[in-house]
Amino acid sequence: MCGIFGIFGVENAENYAFYGIYALQHRGQESVGIAVSDFENIKLVKKPGLVLSAIRKEDLEGVSGFLAIAHVRYATAGRSGDFNAQPFLKKTVLGEVAVAHNGNLTNFRSLKEELLRMGESFEYDSDTELFLSLIGKGKEVPKGITLHPEDREYLPYLFYVLKKVSGAYSVLFLLKDKLIAVRDPYGFRPLLMGRLKNAVLFASESCAFDILGAELWREVKPGELIVVDKKGIRSYLFSQSPKKAMCIFEFVYFSKPESFIFNDWVYTIRKKMGEVLALEEDVSADVVVPVPDSGVVPAIGFSQKSGIPLELGLIRNHYVGRSFIEPTQELRDVRVLMKLNPNPSVLKNKRVIVIDDSLVRGTTSKKIVSMLRKAGAKEVHMRIASPPVIGPCYYGIDTPTKEELIATKFSVEEIAKFIGADSLRYLSLEGLRSCVEDYRNFCDACFSGVYPIEVEPEVERLR
Ligand code: SF4
């Protein structure tokens, strides 16, 4: 769960990167970084915290260029904190290269050991560094690819890196005169391409283009590498995957509702999840109450389909500042309570259907149910717009270990009892799958237990 942004072909690219990555703040709040090039040198600014407060005007003074990449981080592999803030920058056989990565490499343990044996040392504690450490270790031109004369010298080094790594990666490389975007052959994480006059942009979600007034152009395809430099734009399909595995959780929770990813609008799919949940409903109620913000869109779908009015029974406090940076569950729970307040005027003596996007550990839902009851709700029926989470994610999302997932240990009735709800129901797996165009192109492993890529045991044990 990270956000990446890149731009080529505009003066003061660092300022565009700043606003672009700000629009992706929801994808990572631990740290922010911008790498910018003036075609001669790459400069780097990295800070812990949120984009707007972390990066000051003076940080970007003297850091001016025509191409830039940026990253917001939420730790999934490696230690959290600014130590692992991206982009990473390293001297390689191609000169200085910066990298920004969204995803998780499933073979990083064995690759790291292989490189350590070769005498390589590592600066960071993150799988992302492998993208830089592997540059110069070999050359490769994938079968069927004819390299453009401009790319013959350096691109085989990057294709070698892509042959070695496996797992989930949407990546931006910044060389002093080139911006290169890559998406893994399974397409786990989104990566979009946009344009603004003569500039070319890349971002994890289309909402980063909106803020800059840029136009959404197209998706970077799974298994595609795109080079942008002064000579133009060149695309290479470096690998054909037997299967696509786009992360369905991006639609459930991570991406912003106004974004376009995976060839669809997040809002449309998320609303459909609520509609299908309503079709599977069997209790009657007076009001539908969303858990803001991610429960709002499915609750609209649920309310419209069921005819039960939607009311704002939980009000979100938007003025909660960030008081900690450690992504532990306890702190996340406190944050939920700081954020939400019940609205007795719509809850008193009402039979309430409360809708949330997902239920992972159950501790947050327990607090929400108790909050609704204290505010006078007569009945509380918890509805979840996704199926029970039964497995961790190894592809770039910070889910808990299997032992911490409540649905792996208890039945739905037991969970309902634990959270104190009159009833609990999840969207069925079939229901979730029916919301996307072709579910076979999606990863739903954390709901189904069917993992599209094998994970090294060492990496598995980390979860
Ligand atoms: S396991 Fe879940 S969160 Fe991870 S990529 Fe698959 S659907 Fe997304």
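A brief report on the enclosed structure follows. (Residues numbered from 1 in each chain as written. Predicted model: local features only at pLDDT ≥ 70, side-chain atom pairs only at ≥ 80, totals over all residues. Heavy atoms only, no water.)

**So, unusual backbone geometry**
So, point 1. For the bond from Gln-86 to Pro-87, the omega torsion is 0°, close enough to zero to count as cis.
So, point 2. The omega torsion across Pro-292 and Asp-293 is -5°, close enough to zero to call that bond cis.
So, point 3. By the element assignment, Asp-293 lies in the loop between β17 (287-290) and α10 (296-306).
So, point 4. Of note in the backbone geometry, Asn-12 takes a positive phi value of approximately 55° without being a glycine.
So, point 5. Its location among the elements puts Asn-12 in the loop between β1 (3-8) and α1 (13-22).
So, point 6. Judged by relative accessible area, which is 32%, Asn-12 ranks as partly exposed.
So, point 7. Backbone geometry places Asn-263, a non-glycine residue, at a positive phi of 65°. (Helix = DSSP H or I, 4+ residues; strand = E, 2+ residues; numbered from the N terminus. Buried < 20%, exposed > 50% of the residue type's maximum accessible area, 1.4 Å probe, protein only.)

**Remarks on empty space enclosed by the protein**
So, point 1. Counting across every chain of the model gives two cavities of 30 Å³ or more.
So, point 2. There is about 100 Å³ of room inside the largest cavity.
So, point 3. A breakdown of the residues in the lining of the largest cavity according to their chemical character gives 13 nonpolar, one polar and two charged. (1 Å grid on protein atoms, 1.4 Å probe; cavity = no way out; pocket = protein on both sides within 12 Å on 5 of 7 lines; lining within 4 Å. Points joined across faces, edges and corners; volume = space filled by probe spheres on them. Nonpolar A, V, L, I, M, F, W, Y, C, P; charged D, E, K, R; others polar.)

**Some details on the site of the ligand**
So, point 1. Taken together, the residues surrounding the ligand are Arg-189, Cys-247, Ile-248, Phe-249, Cys-393, Tyr-395, Ile-397, Cys-443, Asp-444, Ala-445 and Cys-446.
So, point 2. Among the cavities detected, the one that contains the ligand is the largest cavity.
So, point 3. Within the shell around the ligand, the residues separate by chemical class into nine nonpolar, no polar and two charged. (Near = heavy atom within 4 Å. Sits in = over half its atoms within 2 Å of the grid points.)

**Considerations on the sheet that holds strand β13 (residues 232-237)**
So, point 1. Read from one edge to the other, the open sheet built from six strands follows the order β5-β6-β7-β8-β12-β13, with strand pairing classed as antiparallel. Two strands in the sheet have a free side with no partner beyond their single neighbour: β5 (88-92) and β13. Adjacent strand axes in the sheet meet at a mean angle of 20°, parallel and antiparallel pairs treated alike.
So, point 2. The sheet contact formed by strand β8 (residues 178-183) and strand β12 (residues 224-229) spans four bridges and is antiparallel. Its bridge partner being in β12, Leu-179 is matched across the sheet by Val-228. (Pairing = 2+ DSSP bridges. Axes fitted to C-alpha atoms, helices over the stretch in contact; angles between N-to-C directions.)

**Notes on the pattern of salt bridges**
So, point 1. Under the definition given, this model contains 27 salt bridges.
So, point 2. In this structure, the salt-bridge partner of Arg-27 is Glu-250, at a minimum N-O distance of 2.9 Å. In this pair, Arg-27 is assigned in the loop between α1 and β2 (31-37) and Glu-250 in helix α8 (residues 249-254), connecting sequence segments 223 residues apart.
So, point 3. Among the residues examined, Arg-27 registers a relative accessible area of 1% and is labelled buried.
So, point 4. Overall, the relative accessible area of 0% leaves Glu-250 in the buried class.
So, point 5. With its nearest N and O atoms 3.7 Å apart, the salt bridge here joins Asp-177 to Lys-178.
So, point 6. For Lys-178, a relative accessible area of 7% puts it in the buried group.
So, point 7. Beyond isolated ion pairs, a larger network of salt bridges with shared partners links Asp-151, Asp-177, Lys-178, Asp-229 and Arg-234. (Salt bridge = Lys/Arg side-chain N within 4 Å of Asp/Glu carboxyl O.)

**Notes on the sheet that holds strand β10 (residues 199-203)**
So, point 1. Taken in spatial order, the seven strands make up an open sheet running β3-β2-β4-β1-β10-β9-β11, and their pairing is antiparallel. The outermost strands of the open sheet, each flanked by one partner alone, are β3 (42-48) and β11 (215-219). Averaged over all pairs of adjacent strands, the angle between strand axes in this sheet comes to 15°, irrespective of strand direction.
So, point 2. Two elements, strand β9 (residues 192-196) and β11, share four bridges in a ladder whose sense is antiparallel. Bridge pairing links Gly-194 to Leu-216 in β11.

**What about the packing of aromatic side chains?**
So, point 1. As enumerated under the stated definition, the model contains 19 aromatic pairs in all.
So, point 2. Aromatic side chains Phe-88 and Tyr-124 sit 3.7 Å apart centroid to centroid with 0° between the ring planes, which places their arrangement in the stacked category. Pair noted here: Phe-88 is in strand β5 and Tyr-124 is in the loop between α4 (108-117) and α5 (130-133), with a separation of 36 residues, a long-range link. Grouping residues by exposure puts Phe-88 and Tyr-124 together as buried.
So, point 3. Each member of the aromatic cluster is reached from another via a ring pair, and the members are Tyr-186, Phe-188, Tyr-394, Tyr-395 and Tyr-451.
So, point 4. Positioned above the aromatic ring of Phe-122 is the side chain of Lys-112, whose terminal nitrogen or guanidinium carbon lies 5.0 Å from the ring centre.
So, point 5. Across from the ring centre of Phe-39, 4.2 Å away, lies the NZ or CZ of Lys-230, which sits over that ring. (Phe/Tyr/Trp six-rings, centres within 6.5 Å; stacked < 30°, edge-to-face > 60°. Lys NZ or Arg CZ within 6 Å of the ring centre and 35° of its normal.)

**Notes on the side chain of Ser-386**
So, point 1. Among the secondary structure elements, Ser-386 is positioned in the loop between β21 (379-384) and α14 (412-419).
So, point 2. Polar contacts involving the side chain of Ser-386 include one to the main-chain carbonyl oxygen of Asp-357, which spans 2.8 Å.
So, point 3. For Ser-386, the contacting residues outside a window of four places in its chain are Val-252, Asp-357, Ser-358, Tyr-426, Leu-427 and Phe-447. (Polar contact = N/O pair within 3.5 Å; in protein donor to acceptor, adjacent residues only side chain to side chain. Contact = heavy atoms within 4.5 Å.)

**So, the environment of Val-51**
So, point 1. Secondary-structure assignment places Val-51 in helix α2 (residues 51-54).
So, point 2. In sequence terms Val-51 and Gly-33 are 18 residues apart; their C-alpha atoms lie 8.6 Å from each other.
So, point 3. Setting aside anything within four residues of it in sequence, one finds Val-51 in contact with Phe-18, Ile-21, Tyr-22, Gln-25, Val-32 and Val-72.

**A few points about the side chain of Asp-264**
So, point 1. Within the secondary structure, Asp-264 sits in strand β16 (residues 264-265).
So, point 2. An unpaired buried charge is present at Asp-264: no salt bridge exists, and Lys-272, the closest side chain of opposite charge, is 6.1 Å distant.
So, point 3. In this view, Asp-264 contacts Phe-251, Ser-259 and Ile-269; residues no more than four positions away in its chain are not counted. (Lys, Arg positive; Asp, Glu negative; His and termini not counted.)

**What about the packing of helix α9 (residues 266-279) against α10?**
Two packed helices can be described by the angle between their axes and the distance between those axes.
So, point 1. Packing of α9 against α10 leaves a shortest axis separation of 7 Å and a crossing angle of 45°. Here α9 is positioned oblique relative to α10, judged by the angle of their axes. Regarding α9 and α10, the two cross each other, and that crossing is right-handed. Only Val-297, Pro-298, Ile-300, Gly-301, Phe-302, Gln-304, Lys-305 and Ser-306 of α10 make contact with α9, whose side of the interface consists of Tyr-267, Arg-270, Lys-271, Gly-274, Glu-275, Leu-277, Ala-278 and Leu-279.
So, point 2. Taken together, the residues of the contact of α9 with α10 break down into eight nonpolar, four polar and four charged. (Parallel < 35°, antiparallel > 145°, perpendicular 65-115°, else oblique. Left-handed = near helix turned anticlockwise from the far one by under 90°.)

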